[in-house]
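Examination of the molecular architecture
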Amino acid sequence: MLTKRMFLKGTVAALASVGSIASAQAKSVSPDTKWDKETDVIVVGFGGAGASAAISAHDAGSQVLILEKMPAAGGNTAVSAGGFMIPDDLNEAYKYLKASYAFSHAEMDEELLKAFVNGTGELRNWLTSLGDNVGMFVYGYAGFKNLEGADTIKRYRIRGVKGAPRKGSGDCLFDLLKGAVEKRNIPVMLNTPVVSILRNGDEVVGVVAKSGDKNINIKAKKAVILAAGGYEFDPESLQNFTMGYGVGAIGNPGNTGDGLRLAQSMGAKLWHMNAYSAFLGVRYPGYKTSVSISPKGPGYIWVDQDGKRFSSEKIDGHCQMYVAAHLDAIRHMYPRIPCYMIFDQKTVDKGPMGSSLGSGYAINREGHRWSKDLSKEVELGVVKKADNLTDLAKQIGLPEGALEQTVSKWNADMDAGKDTEFGRPLRAKGKGSYAFDGPEISAPIKTGPFYAVELYPTLVNTQGGPRKNVKGQVLDAFGQPISRFYVAGELGSMWGPIYQGACNNAEALVFGRIAGANAAAEKPWG
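Residues numbered from 1 in each chain as written. Predicted model: local features only at pLDDT ≥ 70, side-chain atom pairs only at ≥ 80, totals over all residues. Heavy atoms only, no water.

**A look at the packing of aromatic side chains**
For clarity, the cut-off: Ring pairs shown here join Phe, Tyr and Trp side chains whose ring centres sit within 6.5 Å, with only the six-membered ring taken for Trp; geometry is labelled stacked below 30 degrees between planes, edge-to-face above 60, and tilted in between. Here a strand is any run of E in DSSP of at least two residues, a helix any run of H or I of at least four, and the numbering for each starts at the N terminus. With a 1.4 Å probe rolled over the protein chains alone, any residue whose accessible area is under 20% of its type maximum counts as buried; one over 50% counts as exposed, and the rest are partly exposed. Whether a charge sits over a ring depends on NZ of Lys or CZ of Arg being within 6 Å of the ring centre and within 35 degrees of the ring normal.
Evaluation of the coordinates by the stated rule reveals 14 aromatic pairs. Taking the centre distance of 6.4 Å and the plane angle of 65° together, the rings of F103 and F144 count as edge-to-face. Of the two residues, F103 sits in helix α4 (residues 90-104) while F144 sits in the loop between β5 (136-140) and β6 (155-158), which places them 41 residues apart along the sequence. Judged by its relative accessible area of 11%, F144 falls in the buried class. Members of the aromatic cluster, joined through ring pairs, are Y101, F116 and W495. The ring of Y456 carries the charged tip of R283 above its face, separated from the ring centre by 3.7 Å. Of note, R424 hangs over the ring of Y300, and the distance from its end group to the ring centre comes to 4.7 Å.

Printed below as a string of structure tokens:
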């Protein structure tokens, strides 16, 4: 009799011969399988989710081994803005987050959302228990002010250690987690990618990892937890799961979809594959990743390849890619990829174009900084500069007269006190998305010289991957848990296209803890 599980295994095996999944094909063990190492729980990936899972599993009494393919730990967490969401009121937070699924028509798991919200209520005590004199502070609020419950949302960061060298907020968060791992003497193997899952029938029983120039078999007597990040730097996944083209990313270059393929090799059900946090960023030569651009002044707009505005420029940054990925089916093109940020000298004079969030691999690992006067960027060709809009439009190839007309309309609206095209506010009303937001949001573009920067869709992280249940177990294509197989972090995240900032780190912490505790509770198989 052909069972659902047998059908699923056969389907995965067939796909493996034609897709990238072949590189991560699950392998069956036998009585003769030689084990090079063994432990209770294997955690694949040493970022925020992996660290949280390892700590939780260890504290529940299990031996844990962390495998990390990169030469350094941290993942996206360490190069992120370091934020995590802790609401003032859990019930109001549930309403707010539920609404974000509703208006984007995204698949929502009510039990997962409840577990997440309840978990955020424990984060303050848990994080402060991991170190000495751990401090945290509010740096941001809700990104979608019109949703019920928005007022309860607060984004927190971990304070840096007093007297220590200054670090990015992502490093401050991850250093706390890493320190807790080290205090527990949890072994970590860096430069050790997992190349396949080991299975015994329907159960996950270990992994094959590449250590040096050879593959080793590592037994997981209780469970394997995938915390390997997303697919931001995997061209094949980007081609299949994102709309548009030229998509860049700012996070950890190690996020190449390995965990996605490992999960698929066991027949995992995928979800939220077209969901991501993504803004409009800049391709900056000399760096492994794209970089963000964030004008301190309010006098700027976005224009498409026709020289026209196409959106309010003050939409939440995590959703900017969605407005850019517009396919013109008549002209057979993406007229907003690339698009352009247009601004004037007054905006430049307000300060460097780097984001106040300080997130990204280029900033936190490669030392990227925007020059104060943009002279370096003009010399590199990253920024175009001209004394008038006509010459600026020629430099970026816009239709004759289009940019001048668009800026003239914008300026007239600013003088009249209302954006008549997209309703962009002139001044902030109440709290902004971040504690450092200024009150002025919009201003005319009148003071030359004038500037243009080419923008492309840029991923902060992806959300898609294997679907999980409230225990953190990976589910198969029929919604059944795959035995001894868990997942945490942005890989198979619960979030849909509308993403509230600081909820990926929060999810990594919450479901890392959940997955670790439940993995540790498994009975050893051998």
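**Considerations on empty space enclosed by the protein**
Note the following rule: Detection works on a 1 Å grid of protein atoms alone, calling trapped sets that fit a 1.4 Å probe cavities and calling open sets with protein on both sides within 12 Å along at least five of seven lines pockets, with lining residues defined by an atom within 4 Å of a point. Grid points are joined across faces, edges and corners, and a volume is the space filled by probe spheres set on the points.
Taken as a whole and assessed by the stated rule, the structure comprises one cavity of 30 Å³ or more. In this model, the largest cavity occupies a volume close to 40 Å³. Looking at the largest cavity, the residues that line it are I250, F279, S290, V291, S292, S359, G360, Y361, A362 and I363. If one sorts the elements of the lining of the largest cavity by residue count, helix α11 (residues 361-366) sits on top with three residues.

**Concerning the side chain of R199**
Counted only if it meets this: We score Asp and Glu as negative and Lys and Arg as positive, and we do not count His or the chain ends. Every case where a carboxyl oxygen of Asp or Glu lies within 4 Å of a side-chain nitrogen of Lys or Arg is listed as a salt bridge. Identification of polar contacts relies on pairs of N or O atoms within 3.5 Å, with a donor-acceptor requirement for protein atoms, meaning one able to donate a hydrogen and the other able to accept it, and with residues adjacent in sequence counted only if both atoms are side-chain atoms.
Note that R199 resides in strand β8 (residues 194-200). Here R199 sits buried without a salt bridge, and the closest side chain of opposite charge, D202, lies 4.3 Å off (N-O distance). Only 3.0 Å separates the side chain of R199 from the backbone oxygen of G201, close enough to count as a polar contact.

Shape descriptors only; they carry no functional weight alone.
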